[in-house]
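Single-letter residue listing:
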Amino acid sequence: MELKETTQKTDRRDFVKRALAVVIGGIAGLVPAAAGLMVLLDPLRRKAAAGAAIKVTTLEALPKDGVPRKFPVLANRTDAWNKYANVPVGAVYLRRTSEGIVEAFNVVCPHAGCFVDFSAERNGFLCPCHNSSFTVAGKINPGSPSPRDLDALPVELRQDGEVWVVFQNFKTGEKEKVPVA
Ligand code: FES
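*Asks:* Could you give an account of the overall build of the protein, with specific residues and numbers?
*Replies:* Looking only at helices and strands, the protein features one helix and twelve strands. Moving toward the C terminus, one meets the helices and strands of the protein in the order α-β-β-β-β-β-β-β-β-β-β-β-β. Within the protein, contacts between residues at least 6 apart in sequence are counted, and of these 49% link residues at least 24 apart. By element, 58% of the accessible surface of the protein is carried by carbon and sulfur atoms, the whole surface being about 11,700 Å².

As structure tokens, this is what we get:
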């Protein structure tokens, strides 16, 4: 009787040890597998280099009367497997003021990310989603739900009238401009 009980206890202990070994082995195996998966998928999450100047157009394409024009922003993208040339990464409104300055605004509404339209009638920008409106200079109009002005972007005027924009997206719904990768 006593021998039987001892054998049962030993069996139980062995079973618990084996079960623990399986669980610990499984967890230990998951860590490198998850890390490997992250490395494998990481290139898919990469975007075109943010914060780099991108040629958008030339001065000739911009009316001199301050009326904004919309342009796609194209950039080269690279991931671990491929290179893609001239892929759309966003869009901007460019405006050439009477003083010869060129202003750039990201088309994304800072409220929740819809694309704003320019209204010649109102001489300003209007967001179709929740009616935020902005002046032609990108300043928010009172009563708009957007927490900030349109996101202005740095512009570089280079030789031969080339217009380059330092393109960047920002978090929506925040008062401050917080860059997103
Ligand atoms: S997304 Fe533009 S007003 Fe809401």
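Additional details are given in the paragraphs that follow.
*Asks:* Before we move on, can you summarise the state of the cysteines with the specific residues and values?
*Replies:* This structure, assessed with the given rule, holds one disulfide. Two residues share a disulfide in this structure: Cys 114 and Cys 129, whose sulfurs sit 1.9 Å from each other. On the sign convention where negative is left-handed, the bridge of Cys 114 and Cys 129, at about -95 degrees about the S-S bond, is left-handed. Of this pair, Cys 114 sits in the loop between β4 (102-106) and β5 (117-119) while Cys 129 sits in the loop between β6 (124-126) and β7 (133-135), placing them 15 residues apart in sequence. Its relative accessible area of 38% is what places Cys 129 among the partly exposed residues.

*Asks:* An account of the side chain of Arg 95 is requested, with residue identities and associated values reported.
*Replies:* Turning to its location among the elements, Arg 95 is positioned in strand β3 (residues 83-96). Looking at Arg 95, the relative accessible area reads 14%, which means it is buried. Reaching out from Arg 95, the side chain makes a polar contact with the backbone oxygen of Gly 66 at a distance of 2.9 Å. At 2.7 Å, the side chain of Arg 95 forms a polar contact with the side chain of Glu 103.

*Asks:* Quick rundown of the pattern of salt bridges? Include the residues and the values.
*Replies:* Oppositely charged side chains can pair when the atoms bearing their charge come close. Evaluation of the coordinates by the stated rule reveals five salt bridges. Measuring nitrogen to oxygen at the nearest pair gives 3.9 Å for the salt bridge that ties Lys 55 to Glu 162. Residue Lys 55 is located in strand β1 (residues 53-58), and its partner Glu 162 is located in strand β10 (residues 162-166); the two are separated by 107 residues in the primary sequence.

*Asks:* Which residues make up the nonpolar core, and what values do they have?
*Replies:* Counting residues in each nonpolar core, the largest one holds 15 residues, and the members touching the most others are Val 56, Val 92, Leu 94, Leu 153 and Val 165. In terms of residues, this core owes the most to one element, strand β2 (residues 69-78), which gives three residues. Among the nonpolar cores identified, the runner-up in size contains 13 residues, and Ala 91, Tyr 93, Val 107 and Phe 118 belong to it.

*Asks:* Now, about the packing of aromatic side chains: what can you tell me, with residues and values included?
*Replies:* Counted according to the given criterion, the structure contains three aromatic pairs. Within the aromatic cluster, the residues linked to one another by ring pairs are Tyr 93, Phe 105, Phe 118 and Phe 125. Taking NZ or CZ as reference, Arg 158 lies 3.8 Å from the ring centre of Trp 164, over its face. The ring of Phe 170 has Lys 177 lying over it, and the distance from NZ or CZ to the ring centre is 4.8 Å.

*Asks:* Can you explain the sheet that holds β6? Please cite residues and give values.
*Replies:* Here we have three strands laid out as an open sheet, ordered β5-β6-β7, and antiparallel in their pairing. On the outer flanks of this sheet lie β5 and β7, each paired with one strand and no other. Each strand of the sheet is rotated relative to its neighbour by a mean of 30 degrees, with strand direction disregarded. Sheet topology note: the β6/β7 ladder contains three bridges and is antiparallel. Residue Gly 124 lies in a different strand from β7, and its bridge partner there is Thr 135.

About the cut-offs
Residues numbered from 1 in each chain as written. Predicted model: local features only at pLDDT ≥ 70, side-chain atom pairs only at ≥ 80, totals over all residues. Heavy atoms only, no water. Helix = DSSP H or I, 4+ residues; strand = E, 2+ residues; numbered from the N terminus. Contact = heavy atoms within 4.5 Å. Areas by Shrake-Rupley, 256 points an atom, 1.4 Å probe, with all protein chains shown as cover. Disulfide = S-S within 2.5 Å. Buried < 20%, exposed > 50% of the residue type's maximum accessible area, 1.4 Å probe, protein only. Polar contact = N/O pair within 3.5 Å; in protein donor to acceptor, adjacent residues only side chain to side chain. Salt bridge = Lys/Arg side-chain N within 4 Å of Asp/Glu carboxyl O. Core = buried A, V, L, I, M, F, W, Y, C linked by side-chain atoms within 4.5 Å. Phe/Tyr/Trp six-rings, centres within 6.5 Å; stacked < 30°, edge-to-face > 60°. Lys NZ or Arg CZ within 6 Å of the ring centre and 35° of its normal. Pairing = 2+ DSSP bridges. Axes fitted to C-alpha atoms, helices over the stretch in contact; angles between N-to-C directions.

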